[in-house]
Amino acid sequence: MSAERVREDADRWLRQARDDLEAAEALIAAGKFAQAAFLAQQAGEKALKAHWFGNDLDPWGHSLTRLIRDLPDHLGAALTGLLDSALALDKLYIPTRYPDALAGLTPGEAFNRAEAQAAAGHAHAVIDRVSALVES
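So, here's what we can say about the structure. Values in this document were obtained by computation on a predicted structure and should not be read as measured data.

Counted under the stated rule, the structure contains two aromatic pairs. Arranged with centres 5.1 Å apart and planes meeting at 40°, the rings of tryptophan 13 and phenylalanine 53 form a pair that is tilted. Taken as a pair, tryptophan 13 in helix H1 (residues 3–29) and phenylalanine 53 in helix H2 (residues 33–54) lie far apart in primary sequence, 40 residues in all. Where phenylalanine 38 meets tyrosine 93, the ring centres are 6.2 Å apart and the plane angle is 40°; that geometry is what we call tilted. Of this pair, phenylalanine 38 sits in helix H2 while tyrosine 93 sits in the loop between helix H5 (83–90) and helix H6 (107–110), and the two are 55 residues apart along the sequence. You can call phenylalanine 38 buried: its relative accessible area is 19%.

This is how it looks when you write it as structure tokens:
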């Protein structure tokens, strides 16, 4: 793939990551915490995939932790400091969406403002770091 196309793909994924995070923040303001946490996870995932695409690689899966660990060493080294944020966001992928993921509770009943804000903070950390790599 051409260098221009690689850069365009990375930019498109990073723009969507930022848009998802903006939507998550709007959902926090609206009191929709489970949905906000899920979109924060999506924002982080898309940002990491931008890094993959920006290096002409083909990412697979939804785990942010794996998206960091599975990178070639020379590309993943700059992201190892994000492993705690990645793991925190990974834990939100299923229980924020499915009514049978948490015993006796729906996601809307189980998540609170602090959890959603923490998720948004983790997504910000991922997006900021990846942005510095992709846009350099």
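Here the narrative resumes.
Structurally, the position occupied by histidine 51 is in helix H2. For histidine 51, a relative accessible area of 5% puts it in the buried group. Looking at histidine 51, its side chain comes within polar contact range of the main-chain oxygen of leucine 75, at 3.3 Å. Beyond its immediate chain neighbours, meaning those up to four positions away, histidine 51 contacts Leu71, Leu75, Leu79, Val130, Leu133 and Val134.

Running from amino to carboxyl end, H2 crosses helix H7 (residues 113–134) at an angle of 15°, the nearest separation of the two axes being 8 Å. Between H2 and H7, the angle is such that the two are roughly parallel. With respect to the hand of their crossing, H2 and H7 are arranged in left-handed fashion. Contact residues: H2 offers Phe33, Ala36, Ala37, Ala40, Ala43, Gly44, Ala47, Leu48, Ala50 and His51, while H7 offers Arg113, Ala116, Ala119, Ala120, Ala123, Val126, Ile127, Val130, Leu133 and Val134. The residue inventory of the contact of H2 with H7, partitioned by class, reads 17 nonpolar, two polar and one charged.

Another aspect to go through is unusual backbone geometry. Phi is positive for aspartate 56, close to 55°, though the residue is something other than glycine. Along the polypeptide, aspartate 56 turns up in the loop between H2 and helix H3 (64–69).

Here the structure, examined in full by the defined rule, presents six salt bridges. Residue aspartate 9 pairs with arginine 5 through a salt bridge whose shortest N-O separation is 3.2 Å. With a gap of four residues between them, aspartate 9 and arginine 5 both fall in helix H1, about one helical turn apart. The class of arginine 5 is partly exposed, set by a relative accessible area of 43%. A salt bridge links aspartate 9 to arginine 12, with the nearest nitrogen and oxygen atoms 3.0 Å apart. Of this pair, aspartate 9 and arginine 12 both sit in helix H1, separated by three residues, roughly a single helical turn. On the accessibility criterion, aspartate 9 (7% relative accessible area) is buried. A single network of salt bridges, built from pairs that share partners, joins Arg5, Asp9 and Arg12.

About the criteria used
Per-chain numbering applies: the sequence of each chain, read as written, is numbered from 1 onward. Confidence filtering applies because this is a predicted model: local features only for residues at pLDDT of at least 70, side-chain atom pairs given and counted only at 80 or more, and all residues used for totals across whole chains, interfaces and linings. Each side-chain value is derived from all of the structure's non-hydrogen atoms; neither hydrogens nor water enter the calculation. Ring geometry is summarised as follows: Phe, Tyr and Trp rings, the Trp one being its six-membered ring, pair when their centres sit within 6.5 Å, and such pairs are stacked at plane angles under 30 degrees, edge-to-face over 60 and tilted between the two. Runs of E in the DSSP output that reach at least two residues are strands. Runs of H or I that reach at least four are helices, and both are numbered from the N terminus. We call a residue buried when its accessible area falls under 20% of the maximum for its residue type, exposed when it is over 50%, and partly exposed in between, using a 1.4 Å probe and counting protein chains only. Counted as a polar contact is a pair of N or O atoms within 3.5 Å, where, for protein atoms, one must be capable of donating a hydrogen and the other of accepting one, and residues adjacent in sequence contribute only when both atoms are in side chains. What makes two residues a contact is simply this: any of their non-hydrogen atoms within 4.5 Å. Note on geometry: axes are C-alpha line fits, over the in-contact stretch for helices, and angles between N-to-C directions span 0 to 180 degrees. An angle below 35 degrees is read as roughly parallel, one above 145 as roughly antiparallel, one from 65 to 115 as roughly perpendicular, and any other as oblique. By definition, turning the near helix anticlockwise from the far helix through less than a right angle yields a left-handed crossing, and turning it clockwise yields a right-handed one. Each residue is assigned to one of three groups, with Ala, Val, Leu, Ile, Met, Phe, Trp, Tyr, Cys and Pro labelled nonpolar, Asp, Glu, Lys and Arg labelled charged, and all others, Gly among them, labelled polar. The term salt bridge refers to a side-chain nitrogen of Lys or Arg lying within 4 Å of a carboxyl oxygen of Asp or Glu.

Purely spatial values, then, with no claim about function.
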